[in-house]
Amino acid sequence: MKRKLILFLLSFGAVGMASTLQERLVWLLEKPLLGLVKFESPNPPTLSTVKLGKLLFYEARLSKDGTISCASCHESKFAFSSQTALSQGIGGQLGKRKAPVIINRAFHANQFWDGRAESLEAQVTGPLTNPLEMGSTVEAAVAFLEGNSGYRALFSAAFGTDQITIERVSRSVADFEKTLLSGNSKWDLNQNDPASHPLTVREARGFEIFNDRECHICHQPPAFTDDLFHNSGVAFKNGVFVDEGRFGYTKTLGSEKAEELGAFKTPTLRNVNRHGPFMHDGSLKTLEEVVEFYNQGGVENPHLDPDITSLGLSDQDKQDLISFLGTLDGEGFDDVPPLPGDFPR
């Protein structure tokens, strides 16, 4: 087996991660979630900003027609992703990509599949103003909140004054999203204490395959993503790129590179059992299809990532690899949506 993967000792204990807002905030700020990764921010979240951000995350009245919230496409039970191939916005309109999973995004930059937002704060206004998603405007969202005495009180508690700006809205939503954590999985516990938390034979063999076939190059433990962009050929159909991916964004900056054409951000594999359907367009319905896609070496195209090659997996190899992926099912992000009466009036 190739020993290119460094195993990180994680700081999780055997006690499960907490899922209340206050307890999740403690995990984020005081306990290293992913081993060597520690959350750092010049403006760390507070319980007041997180509580406000949660309401805003679930607030459908921020959309143009009052029907779509952030949570409409990022559902707790799907690890804050969606079970649909494409996001659905106001009026039943379909977006162009699947809603990306947002667990553990506090530890990463490059939000969205193409990385066009460099922070969670910068990401917030994208769905809000996208005509295919929430279809609103910054001005309309701020005006709604200013006209709501309950929200003004919450902004005052969070920021010291009841002034409502899009910057404060963005920070609050981002602060809530930063508490959407996933850890304490069977894999984490095994890395920390193998004797007390052994993997099964199939899970252990799947982890060996994961390393031996170099899946870890893009899905780097312990985050199980490199947060970079790779072309696997998913967007290459009938000889053309139906979605330019990262290239489509960087060319607006005048800094595009040929290898970015059809490249998308590596999603985390944590809680991957809840992410389906998979890929940026939701075109692969099951993990079995995903494993076979990579077993075949993706889709040949002019800019296929050189690290994506045929894997030569047997049927047993595929089953064992999927068994290993199941050990990445963690906890700490489950969330109870607000009841209708919880929203400020």
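Please read all numbers here as calculations on a predicted model, not as lab measurements.

**Regarding the overall build of the protein chain**
1) Next: When helices and strands are tallied, the protein chain shows 13 helices and four strands.
2) Next: Relative to the globule expectation of 20 Å for 345 residues, the C-alpha radius of gyration of the protein chain, 21 Å, shows essentially globular dimensions.
3) Next: Burial analysis of the protein chain (345 residues in total) assigns 54% to the buried set.
4) Next: Intrachain contacts of the protein chain at a sequence separation of at least 6 include 67% that bridge at least 24 residues.
5) Next: Total accessible area on the protein chain stands at roughly 15400 Å², and carbon and sulfur atoms take up 54% of it.
6) Next: In the protein chain, which carries 34 positive and 44 negative side-chain charges, the distance between the mean positions of the two groups comes to 2 Å.

**A closer look at the environment of Glu146**
1) Next: By the secondary structure assignment, Glu146 is in helix 6 (residues 138-146).
2) Next: On the accessibility criterion, Glu146 (43% relative accessible area) is partly exposed.
3) Next: C-alpha separation for the pair Glu146 and Asp162, spaced 16 residues apart in sequence, amounts to 8.5 Å.

**A short note on the pattern of salt bridges**
1) Next: Inspection of every chain in the model, using the stated rule, returns 22 salt bridges.
2) Next: Here Lys54 makes a salt bridge to Asp335, at a shortest N to O gap of 3.4 Å. Of this pair, Lys54 sits in helix 2 (residues 47-57) while Asp335 sits in the segment after helix 13 (315-326), placing them 281 residues apart in sequence. Here Lys54 matches Asp335 in class, with each residue buried.
3) Next: Between Asp114 and Arg97 there is a salt bridge, with the nearest N and O atoms lying 3.1 Å from each other. Taken together, the residues Asp114 in the loop between helix 3 (70-73) and helix 4 (120-123) and Arg97 in the loop between helix 3 and helix 4 connect sequence positions 17 residues apart. Both residues of the pair, Asp114 and Arg97, belong to the buried class.
4) Next: Among the charged side chains, a salt-bridge network with shared partners connects Arg202, Arg205, Asp212, Arg213, Asp317 and Asp320.

**Some words on the packing of aromatic side chains**
Two aromatic rings, taken as a pair, are described by how far apart their centres are and by the angle between their planes.
1) Next: In this structure the tally under the stated criterion is 16 aromatic pairs.
2) Next: A ring pair is formed by Phe39 and Phe107, whose centres lie 6.5 Å apart and whose planes are at 85 degrees; its orientation type is edge-to-face. Of this pair, Phe39 sits in the loop between helix 1 (21-30) and helix 2 while Phe107 sits in the loop between helix 3 and helix 4, placing them 68 residues apart in sequence.
3) Next: Overall, Phe39 belongs to the buried group, its relative accessible area being 8%.
4) Next: Here Phe107 falls in the buried class, since its relative accessible area comes to 15%.
5) Next: Above the plane of the ring of Phe112 lies Arg116, whose end atom (NZ or CZ) is 3.8 Å from the centre.

Calculation notes
Residues numbered from 1 in each chain as written. Predicted model: local features only at pLDDT ≥ 70, side-chain atom pairs only at ≥ 80, totals over all residues. Heavy atoms only, no water. Helix = DSSP H or I, 4+ residues; strand = E, 2+ residues; numbered from the N terminus. Rg over C-alpha atoms; globule rule 2.2 N^0.38 Å. Buried < 20%, exposed > 50% of the residue type's maximum accessible area, 1.4 Å probe, protein only. Contact = heavy atoms within 4.5 Å. Areas by Shrake-Rupley, 256 points an atom, 1.4 Å probe, with all protein chains shown as cover. Lys, Arg positive; Asp, Glu negative; His and termini not counted. Charge placed at Lys NZ, Arg CZ, Asp CG, Glu CD. Salt bridge = Lys/Arg side-chain N within 4 Å of Asp/Glu carboxyl O. Phe/Tyr/Trp six-rings, centres within 6.5 Å; stacked < 30°, edge-to-face > 60°. Lys NZ or Arg CZ within 6 Å of the ring centre and 35° of its normal.

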